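# Commentary on secondary and tertiary structure
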Amino acid sequence: MNIMRVVRDLVTTQRVSGLQARPLRVLEDARGNFEVAVDAVGARVGDFVITIAYSSARIATGDPRVTTDLTIGGIIDDWDEDKWHGPARAGT
Amino acid sequence: MNIMRVVRDLVTTQRVSGLQARPLRVLEDARGNFEVAVDAVGARVGDFVITIAYSSARIATGDPRVTTDLTIGGIIDDWDEDKWHGPARAGT
Amino acid sequence: MNIMRVVRDLVTTQRVSGLQARPLRVLEDARGNFEVAVDAVGARVGDFVITIAYSSARIATGDPRVTTDLTIGGIIDDWDEDKWHGPARAGT
Amino acid sequence: MNIMRVVRDLVTTQRVSGLQARPLRVLEDARGNFEVAVDAVGARVGDFVITIAYSSARIATGDPRVTTDLTIGGIIDDWDEDKWHGPARAGT
Amino acid sequence: MNIMRVVRDLVTTQRVSGLQARPLRVLEDARGNFEVAVDAVGARVGDFVITIAYSSARIATGDPRVTTDLTIGGIIDDWDEDKWHGPARAGT
């Protein structure tokens with residue numbers, strides 16, 4: 001799983017039926033790369049979250065028929081810019 | 001899922017039967033790398049789309065027997081070059 | 001799926017039974033990185049092909065028991081060095 | 001599987017039910033990138049561990065319904081900074 | 001599948017039961033990055049091997065319950081430093 005930050009909502013009026021009407025969020029990783037995830041926990045813009053990928057992403061939505069490959073699996077209680085970008089060892 | 005742009009169609013007369021006659025599109029990501037996806041939504045060249053990978057790609061086509069590992073899952077309503085390449089934070 | 005070029009055959013006398021006697025090819029991507037794939041379409045050295053990865057690679061061989069993670073899924077009719085390395089936009 | 005080092009615990013009060021109450025650890029790889037894994041072996045901060053990804057991560061927890069994509073699969077008996085960062089050949 | 005070289009054995013006394021007592025090897029790729037694989041073919045240090053990843057890694061061990069994500073699938077008969085690091089085209 002990865003640590004990412006919620007950047008914005010994503011609207012796709014034209015989508016495959018397998019995505020149902022699930023809310024999609026644009027996320028960024030520590031290097032500023034974007035990915036898109038189904039939100040299963042009600043995350044808000046700015047939240048640091050963990051993402052679940054691959055086949056587990058489907059199951060994590062609560063309905064394994066949802067054809068996502070990335071799902072927000074949790075909101076991190078205690079994370080910030082320093083932990084994200086600073087040296088790992090300093091945070092232990 | 002990733003955000004990619006449709007670059008062109010791809011023709012493969014000689015292909016495995018598992019791909020059926022599904023239309024293939026060449027996509028590029030924000031860094032100009034190419035990938036090839038089955039198009040399940042009728043995207044056009046220039047559209048910004050979201051892509052679904054791994055085993056979910058098969059199910060997203062509507063027929064889980066289609067042996068793809070990447071499927072266009074939706075056309076993004078509101079995306080452009082600035083959102084794609086600009087700093088994520090500026091867009092929130 | 002990715003666009004790769006066939007570089008050479010690969011011989012592995014000692015192999016797991018799950019690979020059966022399937023022909024293996026060394027492929028290179030646009031950056032010169034190598035990967036090895038089961039050839040399910042009869043590709044020749046120099047051909048540009050599309051590759052199918054993950055669990056779909058098994059099904060794409062025609063026998064889902066073949067324990068590959070990458071299978072050549074088709075030979076591209078119209079691709080060349082310029083399309084591969086040139087700017088994507090120029091080709092649209 | 002990858003070799004990673006345990007950096008800290010991760011608390012997510014708000015999480016999908018599929019993660020159950022499994023303990024999560026932040027890990028770093030040899031380049032300092034973070035990933036988050038379910039801990040199935042009782043690893044401590046500083047331990048070098050091997051991580052199991054993809055669908056195998058679920059099964060490795062002992063309960064295939066756990067919706068993780070990364071699980072700590074073992075604690076390495078004999079590993080250190082030199083083996084991790086030094087040239088591989090020197091260690092053989 | 002990837003081409004990797006066997007670097008050393010890896011001992012994990014404390015491991016998940018899903019890995020059984022399968023032998024683990026540390027492998028390096030052409031850039032010196034390490035990965036860990038279950039050895040299903042009896043490879044020796046220095047051998048060039050092909051690796052099978054994802055769900056196929058489990059099946060390739062001969063027992064799909066083995067919770068690995070990477071398995072050595074074969075020993076390459078004819079590979080060396082020059083083929084690995086040299087330009088691909090020179091080897092065709």
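Below or above, wherever it landed, is the structure these notes cover. These numbers were taken from a predicted model, which means no experiment stands behind them.

Our next topic: the pattern of salt bridges. A side chain of one charge can pair with a side chain of the opposite charge if their charged atoms are brought near each other. In the structure shown here, the tally under the stated rule is 33 salt bridges over all chains. Notably, a salt bridge pairs C:Arg25 with C:Asp9, separated by 2.8 Å at the nearest N-O pair. In this pair, C:Arg25 is assigned in strand S3 (residues 24–28) and C:Asp9 in strand S1 (residues 2–10), connecting sequence segments 16 residues apart. For C:Arg25, a relative accessible area of 14% corresponds to the buried category. Residues joined by salt bridges that share partners form a network here, namely A:Arg5, A:Glu28 and A:Glu81.

A word on the relation of the copies chain D and chain A. Its rotation angle being 72 degrees, the transformation that places chain D on chain A also includes 0.0 Å of axial translation and leaves an RMSD of 0.0 Å. Such values leave the two copies arranged in the relation of a five-fold axis.

Taken as a whole and assessed by the stated rule, the structure comprises 15 aromatic pairs over all chains. With centroids separated by 4.7 Å and ring planes inclined at 70 degrees, the aromatic side chains of A:Tyr54 and D:Tyr54 adopt a geometry described as edge-to-face. Note that A:Tyr54 is positioned in the loop between strand S5 (48–53) and helix H1 (55–60) and D:Tyr54 in the loop between strand S5 (48–53) and helix H1 (55–60), a pairing that runs across two chains. D:Tyr54 gets classed as partly exposed once you look at its relative accessible area, which sits at 22%. Measuring from centroid to centroid gives 5.9 Å for C:Phe34 and E:Trp79, while their planes differ by 85 degrees, and the two rings are edge-to-face. Taken as a pair, C:Phe34 in strand S4 (residues 34–39) and E:Trp79 in the loop between strand S6 (70–75) and helix H2 (81–85) lie in two separate chains rather than in one. Since its relative accessible area comes to 15%, C:Phe34 is described here as buried.

So, about unusual backbone geometry. You will see that B:Gln20, though not glycine, has its phi angle at about 50 degrees, which is positive. Positionally, B:Gln20 belongs in the loop between strand S2 (14–15) and strand S3 (24–28). A positive phi angle is found at D:Tyr54, which is not glycine, with a value near 65 degrees.

All right, on to the relation of the copies chain E and chain C then. Rotating chain E by 72 degrees about the axis while translating it 0.0 Å along that axis superimposes it on chain C, leaving an RMSD of 0.0 Å. Of all interface residues in chain E, a mere 7% are interface residues in chain C too; the two copies therefore contact each other through different surfaces.

Here we take up the pairing of strand S1 (residues 2–10) of chain A. Residue and element names in this part refer to chain A. Burial runs high along S1: seven of the nine residues are buried. By the bridge criterion, four bridges tie S1 to S5 in an arrangement that is antiparallel. Residue pairing across strands places Asn2 opposite Thr51, the latter belonging to S5. Both S1 and strand S3 (residues 24–28) contribute to a ladder of five bridges, which runs antiparallel. What sits directly across from Val6, in S3, is Leu27.

Definitions and cut-offs
- Residues numbered from 1 in each chain as written.
- Chains lettered and ligands numbered in written order.
- Predicted model: local features only at pLDDT ≥ 70, side-chain atom pairs only at ≥ 80, totals over all residues.
- Heavy atoms only, no water.
- Salt bridge = Lys/Arg side-chain N within 4 Å of Asp/Glu carboxyl O.
- Helix = DSSP H or I, 4+ residues; strand = E, 2+ residues; numbered from the N terminus.
- Buried < 20%, exposed > 50% of the residue type's maximum accessible area, 1.4 Å probe, protein only.
- Least-squares fit on C-alpha atoms with pLDDT ≥ 70 in both.
- Phe/Tyr/Trp six-rings, centres within 6.5 Å; stacked < 30°, edge-to-face > 60°.
- Contact = heavy atoms within 4.5 Å.
- Pairing = 2+ DSSP bridges.

Any link to function would need more than the numbers given here.
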